[in-house]
Every structure is written in C-alpha cells, then in structure tokens.
Amino acid sequence: MHFLNESDPIKPRYIFFHVSSDGCILFRFEYKPKKIKTENGKKAKKRKQEYEDEEEEEEERSTDGSKWKFLEHKGPVLAPPYEPLPGHVRFFYDGKLLRLSAPAEEVATFFAKMLDHEYTTKEMFRKNFYKDWRKEMTSEEKSKITDINKCNFTEMSEYFKAQSEARKQMSKDEKLKIKEENERILQEYGFCVMDNHKERIGNFRIEPPGLFRGRGDHPKMGMLKRRIRPEDIIINCSKDSKHPKPPQGTRWKEVRHDNKVTWLVSWTENIQGSIKYIMLNPSSRIKGEKDWQKYETARRLKKCVERLRAQYREDWKSKEMRVRQRAVALYFIDKLALRAGNEKEEGETADTVGCCSLRVEHIKLYPKMDDQEYVVEFDFLGKDSIRYYNKMPVEKRVFKNLQLFLENKQPEDDLFDRLNTSILNKHLQELMDGLTAKVFRTYNASITLQQQLKELTSPDESIPAKILSYNRANRAVAILCNHQRAAPKTFEKSMQNLQTKIDEKQKQLSATRKQLKGAKTEHKASHDDRSKKMVEVKRKAVQRTEEQLMKLQMQATDREENKQIALGTSKLNYLDPRISVAWQEMLVHCGKAE
DNA sequence: AACATGACTTGTTAGCACACGA
DNA sequence: TCGTGTGCTAACAAGTCATGTT
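Numbering of residues starts from 1 in each chain and follows the order in which that chain's sequence is written. Numbering of ligands from 1 and lettering of chains from A proceed in the order in which they are written. Given that the model is predicted, a residue must reach a pLDDT of at least 70 before its local features are reported, and side-chain atom pairs must reach 80 or more before they are shown or counted; all residues, however, enter totals for whole chains, interfaces and linings. In computing side-chain values, all of the structure's heavy atoms are included and hydrogens and water are not.

Caption draft 1: Spotlight on the sheet that holds strand 10 (residues 254-256). Being paired, for any two strands, means DSSP has found at least two bridges between them. Counting from the N terminus, the helices are the DSSP runs of H or I reaching at least four residues and the strands are the DSSP runs of E reaching at least two. With mixed pairing, the four strands of this open sheet are ordered in space as 10-9-11-12. Strands at the two margins of the open sheet, each flanked by one partner only, are strand 10 and strand 12 (275-278). Shown here is a sheet whose adjacent strand axes are inclined to one another by a mean of 20°, direction ignored. Axis definition: a line fitted to C-alpha atoms, over the contacting stretch in the case of helices. Angles run 0 to 180 degrees between N-to-C directions.

Caption draft 2: Region of the structure containing helix 12 (residues 463-480). End to end, helix 12 covers 26 Å across 18 residues, agreeing with the expected 26 Å (1.5 Å per residue, within 8%). Summary of the burial criterion: residues with accessible area below 20% of their type's maximum are buried, those above 50% are exposed, and those between are partly exposed, where the area comes from a 1.4 Å probe applied to protein chains only. Pro464, Ala465, Lys466, Leu468, Ser469, Tyr470, Asn471, Ala473, Asn474, Arg475, Val477 and Ala478 are the residues of helix 12 that are buried. Trailing helix 12 by a residue or two, asparagine 482 shows a phi angle of about 60°, which is positive. To estimate the expected span of a helix, count its residues, drop one, and scale the result by 1.5 Å.

Caption draft 3: Up close: the protein's contact with DNA strand B. In the vicinity of DNA strand B, 24 residues are found, and the nearest of them are Arg215, Lys287, Lys383, Arg441 and Tyr574. One heavy atom within 4 Å of a molecule or strand is enough for the residue carrying it to be called near that molecule or strand. Of what DNA strand B places within 4 Å of the protein, 80% of the atoms are sugar or phosphate. Between DNA strand B and arginine 339 there is a distance of 3.1 Å, counted from a phosphate oxygen to a side-chain nitrogen or oxygen. For the surface near DNA strand B, the secondary structure elements donating two or more residues are strand 12, helix 7 (285-315), helix 11 (437-456) and helix 15 (568-573). Top element by residues in the surface near DNA strand B is helix 7. It accounts for three residues. Along the lines of polarity and charge, the residues of the surface near DNA strand B split into seven nonpolar, five polar and twelve charged. Residues adjacent in sequence count toward polar contacts only when both atoms are side-chain atoms; beyond that, a polar contact is any pair of N or O atoms within 3.5 Å, and within protein one must be able to donate a hydrogen and the other to accept it. Note that Gly is not counted as nonpolar here; it falls among the polar residues with everything else outside the nonpolar set of Ala, Val, Leu, Ile, Met, Phe, Trp, Tyr, Cys and Pro and the charged set of Asp, Glu, Lys and Arg.

Caption draft 4: Geometry of a positive patch on the surface. A surface patch of positive charge is lined by Lys67, Lys287, Lys290 and Lys438. By secondary structure assignment, the location of lysine 287 is in helix 7. Given the relative accessible area of 31%, lysine 287 is considered partly exposed. To count toward a patch, a residue needs a relative accessible area over 30% and no salt bridge; like charges are then connected within 9 Å, while nonpolar side chains (Val, Leu, Ile, Met, Phe, Trp, Tyr) are connected within 5 Å. Surface accessibility in these figures is a Shrake-Rupley result with a 1.4 Å probe; residues are shielded only by whichever protein chains are displayed. Here a salt bridge means any side-chain nitrogen of Lys or Arg lying within 4 Å of a carboxyl oxygen belonging to Asp or Glu. Only four residue types enter the tally: Lys and Arg on the positive side, Asp and Glu on the negative side, with His and both chain ends excluded. Charged groups are reduced to one reference atom each: NZ for lysine, CZ for arginine, CG for aspartic acid, CD for glutamic acid.

Right, dumping it as structure tokens:
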C-alpha cells in the first residue's frame with residue numbers, strides 16, 4: 001500500500017479515484033488542469049507547446065510564496081435585496097396589529113422563518129435576537145415593542161411555509177426555468193481563471209443576512225448577521241486581469257492584487273469580527289496540491305514517529321514540569337488523535353476544548369477500574385460542541401504525571417498550565433520540519449485505515465463483503481477521530497424497510513429452493529433434457545437469490561454499525577486516497593475481483 | 001510572552017434534487 | 001405518476017496555525 005511505503009508518491013494530478021460504497025464518493029486531492037484557450041492550426045500547436053512548457057514550469061512551484069501569477073474572476077454574487085411582505089401578512093404585538101418599517105420587518109422575518117426550530121425557544125437566542133432587532137426599529141417601534149414574548153410572528157411564519165409549499169408545487173416548466181437560471185449564474189460567477197486554468201470557485205455567493213446560529217451553547221446565538229454590501233467587500237485579482245465590476249452605483253471596499261494568498265473575495269463578518277473568504281473548489285490545482293502536501297507531511301512523520309514516541313516517553317521523566325506536560329499532551333494527541341486545543345476568547349464562543357486547553361474537570365483518574373489499572377476518563381466538549389467521551393488505560397508514568405498536574409487545582413483550572421498550542425507546535429517544528437499537532441491526526445487516521453483494511457479484507461470475499469470491510473475500516477478511523485453524527489431521523493424506519501426486504505428475500509429464497517428440489521425430483525424421474533435444463537435454471541435462481549439476500553444483510557449490518565458515525569469527514573480530510581487506490585489494486589491482483 | 005489578525009482546513013447539518021417503488 | 005426516502009452538496013461555523021505587534 002502506498003501511503004506508508006517508501007515507494008514513489010503518485011502525483012496528485014493523476015488521482016481522482018474513490019471506492020464509493022455508502023454515498024460519500026468524494027476523495028479529495030486530485031485536480032485536472034483545464035486548458036482555457038483553444039486555437040486552430042499551427043498557432044494551436046504552438047500554443048499547445050507553450051501550454052505544456054508552462055505545465056513543466058508549474059511542476060516546480062515558486063519558492064517566494066506566491067500562489068499564482070494571473071487571477072481573473074467576476075466577483076461575488078450578492079444576496080438578493082429584501083422584498084417586503086405583501087400587505088395581507090400581518091404582525092401582532094400584544095394582540096394588536098402593528099405595521100413594521102421595512103428594516104424591522106426584515107429582521108422579524110428572519111426570526112419568523114425559524115419559528116419551528118427549537119432555537120427560537122432558547123432564552124439566549126431570544127435575548128440576542130431581540131437586542132439586535134431593536135437596533136433596526138424606528139423610535140416609534142422601539143417604544144411600542146418592549147417585550148419579545150408579546151410578539152406574534154405566526155402569520156409571517158405561515159406565509160413562508162406556504163411559499164415553500166408553493167415552490168414544491170411548481171410545474172416542471174417553472175422548475176426548469178429556475179434550474180436554468182441557476183446554471184447560468186454558475187457559469188458566469190462560478191469559475192475563475194488562475195494561471196491559464198479555468199477553475200471552479202467554492203462558494204461564490206456572499207452569505208445573506210440572517211440570524212446567527214452558533215453550535216452548542218453559543219453566547220452569540222440569535223444575533224443579527226448583517227447584510228454585506230459591496231462597500232464591505234475586498235476583491236483580490238491580478239493587476240492585468242479584467243477586474244470585477246461592483247453593481248451600478250456602488251463600489252468595492254478595496255481591490256487588491258495580493259498573489260501571496262489564494263482567496264478571490266473577502267469581507268469581515270460582524271458576529272465574531274472574523275474574515276470570510278471566497279476561495280476555489282477542492283478540485284482546483286491550488287487545493288489539490290495543498291491536500292497532497294498534507295499527506296506527504298504525514299508520510300514523513302511515519303518515518304520518524306517511533307523516534308518521537310521514544311522521545312516523549314523519555315520526557316515524562318523530565319525534571320521540568322513544562323516538558324512533562326508537553327510530553328503527556330503529545331501522548332494524548334498521538335494516541336487519541338485529539339485536536340491541538342487553542343485558547344479561545346471567553347464569552348465569544350461556546351465553551352469547547354482540545355488537548356492543550358483541557359481543564360481539570362474534563363478528566364477523571366481511576367487507579368483501578370474493573371480489571372484495568374491507571375484508567376483515565378475523558379469527558380469534554382470538542383469542536384462543534386461534540387462530546388468526547390473515552391476511557392483509556394495509560395502507562396503508570398503518565399498516570400502519576402497527571403496526578404501531579406492535578407495537584408492543588410480547581411476544576412476550572414487548566415490541566416496543562418505550562419503549555420499551549422504555540423509552545424507545543426514550536427517543539428514539534430524542531431522535531432520535524434512541517435510537523436504540527438494536526439499532522440498526528442492525519443497520520444494516525446490514514447495508518448489506521450491501512451492497517452484495518454489489511455486486517456479486515458481478504459481478496460476472495462464477495463463484493464458486498466468487501467464494501468462492508470472497507471466501511472468498517474473507515475469506521476475505525478471515524479471512531480478514532482470522534483466523527484459523530486446525530487442518528488438520522490428516519491433511521492428506525494429505513495432500518496425497518498430494509499428488514500422487510502430481507503424477510504421477503506428470505507421467503508423468496510426458500511420458495512426457489514423448494515422449486516429447485518421439485519425440479520431435481522422431476523429430473524430424476526424423467527431424465528430428459530428439458531428437466532435437466534430446468535434444474536440448472538432453478539439452481540441459478542437459488543444462487544442469485546442467496547447473493548441478493550447476503551447483499552441486503554451486509555447493507556443492514558453496515559447501516560446499523562454506522563448509525564451514529566459520520567464517515568464523510570475522515571474520507572474527505574484524513575484518508576490518503578492512495579491507500580484506497582492501493583487497496584483496490586491489491587484486490588485486483590490477488591483475486592478475480594474487479 | 002501575550003495578544004491580535006489573517007488565511008486556510010476541518011466540521012456538521014439543512015435542504016434539495018433525484019431515483020425508486022407502489 | 002406520485003409521494004417518499006436517500007444521497008449529496010451548499011452553507012457556514014469552528015477549528016488550526018503562522019505571523020506580526022505590543
């Protein structure tokens with residue numbers, strides 16, 4: 001298998017492959033260069049030569065940190081302007097009709113659209129929304145509306161529901177029209193030219209205004225995400241390109257020509273004050289190469305990981321507390337694939353942690369648990385407020401260190417008080433060029449897939465069995481990385497449906513078996529050609545049904561095991577596609593598998 | 001060293017198109 | 001042909017990490 005062998009890396013440009021089995025088809029890291037200019041005859045030939053020369057040139061990326069030489073695009077698609085509600089849709093305050101000014105009405109509709117969501121019942125959400133809503137009101141509205149609980153948004157909500165219903169009921173023709181219009185916009189704004197290649201842009205639409213929905217217990221949930229105007233937008237393109245035009249009567253905040261960055265458009269968002277970008281699609285050269293580099297770094301880690309492990313084990317004994325903390329944290333990152341854990345500004349975001357920001361309250365130590373010694377129990381909210389819960393027996397030395405770190409601390413104190421991500425990454429950088437905490441996640445995810453594939457699959461399995469094995473290997477990675485999902489709402493039902501199919505298939509199987517038996521008896525009696533043929537036909541039918549049944553059973557197992565596990569993220573971001581390619585090639589060479 | 005900022009990757013989910021079976 | 005379940009992508013939030021500033 002390619003990932004961790006010393007064999008030559010496959011150039012990313014030529015890989016765009018994936019074992020599709022559960023719907024997640026995409027495996028990043030490929031790109032297909034697209035020639036953008038076509039000419040005829042001699043000129044074209046010459047042009048082609050130039051193009052190939054450029055390709056060659058492109059093989060060695062520039063060393064001065066520039067990301068492109070030429071960049072041309074049409075700019076972003078702005079959010080559509082607000083359309084006031086028709087007159088018959090009313091808003092009531094304290095039981096009385098109240099006509100809202102357009103700005104106040106717009107913000108009210110944001111809330112109305114979410115009325116069915118449990119978000120709108122949360123105190124924090126309502127409070128933040130109300131506060132921002134008031135800012136949009138006229139002074140008259142402000143004096144009249146003093147209590148959000150007296151606001152009645154139901155007519156608005158009903159109106160929007162009816163609208164979306166009407167959209168569903170549209171005729172084929174109307175739907176087609178919309179589709180075509182979307183396609184037109186995509187063709188116009190969805191692509192850019194970067195260094196002679198036409199590239200797909202990731203998200204070319206500016207985020208429309210609305211209410212911010214943070215994840216988890218977010219202190220800013222419900223706040224108004226304001227409308228982005230051309231005056232807020234920075235355009236990035238090359239000087240010698242045709243610059244995107246702002247809408248009539250407006251101007252961009254700035255047009256710059258910075259080829260040290262990859263983004264085309266940026267603006268500052270008002271909730272966290274952070275910058276949002278429009279960048280290229282994952283299929284683009286610039287993303288694909290970065291992706292490939294990431295896995296190359298992981299492969300380099302493979303070569304020295306044992307050395308690093310020996311090193312941090314040694315550091316558990318260090319005289320210096322900061323070194324011990326660093327070493328234990330690194331052990332967690334390596335062993336449990338925890339994220340680095342940057343500090344976050346308190347009160348600005350949900351309270352979540354990673355390795356370096358773990359607090360005393362997030363771990364529990366058990367000198368003995370059941371039949372295991374030195375067990376550490378982790379229980380904390382990680383990225384996106386996803387709970388991480390795990391119990392792991394650790395080496396005695398780690399355990400003793402942890403006890404030491406906990407001494408004289410309150411639950412809300414940092415576990416690693418002498419450590420942060422910057423210190424950790426600086427250390428890692430010294431150990432290996434380009435090494436950071438997240439490389440361990442990539443490395444451990446990919447090596448896990450590889451090991452699991454080796455362990456779980458055999459070339460003579462049936463295709464459905466191979467798919468199940470592949471998914472199980474993928475699942476092991478997702479569990480390692482704690483990629484969870486809420487069990488789909490329709491899970492039980494779809495499981496039932498599958499079970500019914502299995503039952504039916506089972507019945508069908510016993511029926512066909514019976515028929516086969518009958519045919520055999522008949523053949524024994526008559527010994528003629530016709531009955532012989534019949535036996536063959538029935539035998540085939542039984543075989544086919546057996547296969548179908550097995551396939552269904554495999555599917556059921558797969559789905560059941562996958563109930564609360566999300567495979568997509570690891571597939572997209574952590575698994576070197578070359579491993580899957582190599583696995584599939586191995587199967588081809590070993591067996592009759594396709 | 002602490003802090004701020006900027007750029008980029010990683011993450012979940014809502015909603016929608018579309019295939020599928022009744 | 002119609003509803004319905006499912007897979008997929010767009011949307012956008014939330015991380016990581018480097019770099020510059022105080």
